[in-house]
Amino acid sequence: MSKARFLNCLKILEVKPGTSLEEIEKTYEELIQVWHPDGFTNNQKLRERANKKIKEIHQAYDYICQYCEEQKFDLDYIDESDGDFKKEPKLVDEQYEIIQLLQDVSGMTYAHPRDFPKARVFITCKSGLDIRIWKNSLGVDHVFVADKHGQMIFSGFVGWIHSNDLFARLSEIQRRFG
């Protein structure tokens, strides 16, 4: 994990170095509500911008959470005075790579976390991550990633036209990480 990328993630989430993970989570949830694409149904350009912004917010939050989970400590390892790391961070990339693979599926859109409890485990990775799926009454396929503690760290959906792409990607994830 690079210092520049980490600090950029904090900037995207509109928080400063030294902010607690709990505060970051609150800010993240607020940003998701503000930028959710469903709030921009009357303006396609704003909806597209919101889709990009919410993807950026999710990626930043996922990146920070991944690092904190792996290191088993909060964000106070960043010195507020100069933004330097108190110790060199270590990149743990399986979680990030799986989420990136899912985000790159054609038609992938971020899903609301309210549907996470409805999903069933589809793949359990060697690292303890779970890939869960759920299909709503309209036939829209949802995919969720849960960390080893069962907490959702990614949510997305694709319409029926992209279902084959999603399941091909899930097969790839199974081969590589399952």
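Residues numbered from 1 in each chain as written. Predicted model: local features only at pLDDT ≥ 70, side-chain atom pairs only at ≥ 80, totals over all residues. Heavy atoms only, no water.

A. A look at the pairing of strand β2 (residues 120-124). Taken together, the 4 bridges between β2 and strand β3 (residues 130-135) define a ladder with antiparallel strand orientation. Residue pairing for β3: Thr124 is matched across the bridge by Asp130. Adjacent in sequence and paired antiparallel, β2 and β3 are bridged by 5 residues, among which Gly128 carries a positive phi angle near 105°. (Pairing = 2+ DSSP bridges. Helix = DSSP H or I, 4+ residues; strand = E, 2+ residues; numbered from the N terminus.)

B. Examining a negative patch on the surface more closely. A cluster of acidic side chains, namely Glu22, Glu25, Glu29 and Glu30, defines a negative patch on the protein surface. Following the sequence through the fold, Glu25 ends up in helix α2 (residues 21-35). Glu25 gets classed as partly exposed once you look at its relative accessible area, which sits at 36%. (Patch = residues over 30% accessible without salt bridge, like charges linked within 9 Å, V, L, I, M, F, W, Y side chains within 5 Å. Areas by Shrake-Rupley, 256 points an atom, 1.4 Å probe, with all protein chains shown as cover. Salt bridge = Lys/Arg side-chain N within 4 Å of Asp/Glu carboxyl O. Lys, Arg positive; Asp, Glu negative; His and termini not counted. Charge placed at Lys NZ, Arg CZ, Asp CG, Glu CD. Buried < 20%, exposed > 50% of the residue type's maximum accessible area, 1.4 Å probe, protein only.)

C. A look at the nonpolar core. Among the nonpolar cores identified, the biggest contains 41 residues, and Leu13, Ile98, Leu102, Ile131, Val143 and Val145 are the most heavily contacted of them. Elements represented by at least two residues in this core include exactly α1 (3-12), α2, α3 (44-71), α4 (94-103), β3, β4 (141-146), β5 (152-158) and α5 (163-177). The biggest single contributor to this core is α3, with 8 residues. When neighbours within four sequence positions are excluded, Ile131 is seen to be in contact with Ile98, Arg120, Val121, Phe122, Ile123, Cys125, Val143, Phe144, Val145, Leu170 and Ile173. Counting 5 residues, the second largest nonpolar core, distinct from the first, contains Phe116, Ala119, Phe144 and Ala146. (Core = buried A, V, L, I, M, F, W, Y, C linked by side-chain atoms within 4.5 Å. Contact = heavy atoms within 4.5 Å.)

D. Broad picture of the packing of aromatic side chains. Under the counting rule described, the total for this entry stands at 6 aromatic pairs. Geometrically, the ring pair formed by Tyr63 and Tyr96 is edge-to-face, given 6.0 Å between the ring centres and 80° between the ring planes. Here Tyr96 lies in helix α4 and Tyr63 lies in helix α3, a separation of 33 residues in the sequence. A residue is classified by how much of its surface remains accessible, and Tyr96, at 25% relative accessible area, is partly exposed. Ring centres 5.7 Å apart and planes at 65° place the aromatic pair Tyr110 and Phe154 in the edge-to-face group. Remark: Phe154 occurs in strand β5 and Tyr110 occurs in strand β1 (residues 109-110); sequence separation between them is 44 residues. Take Phe154: its relative accessible area is 2%, and that puts it in the buried class. (Phe/Tyr/Trp six-rings, centres within 6.5 Å; stacked < 30°, edge-to-face > 60°.)

From the geometry alone we can't say anything about function, so treat these as descriptive.
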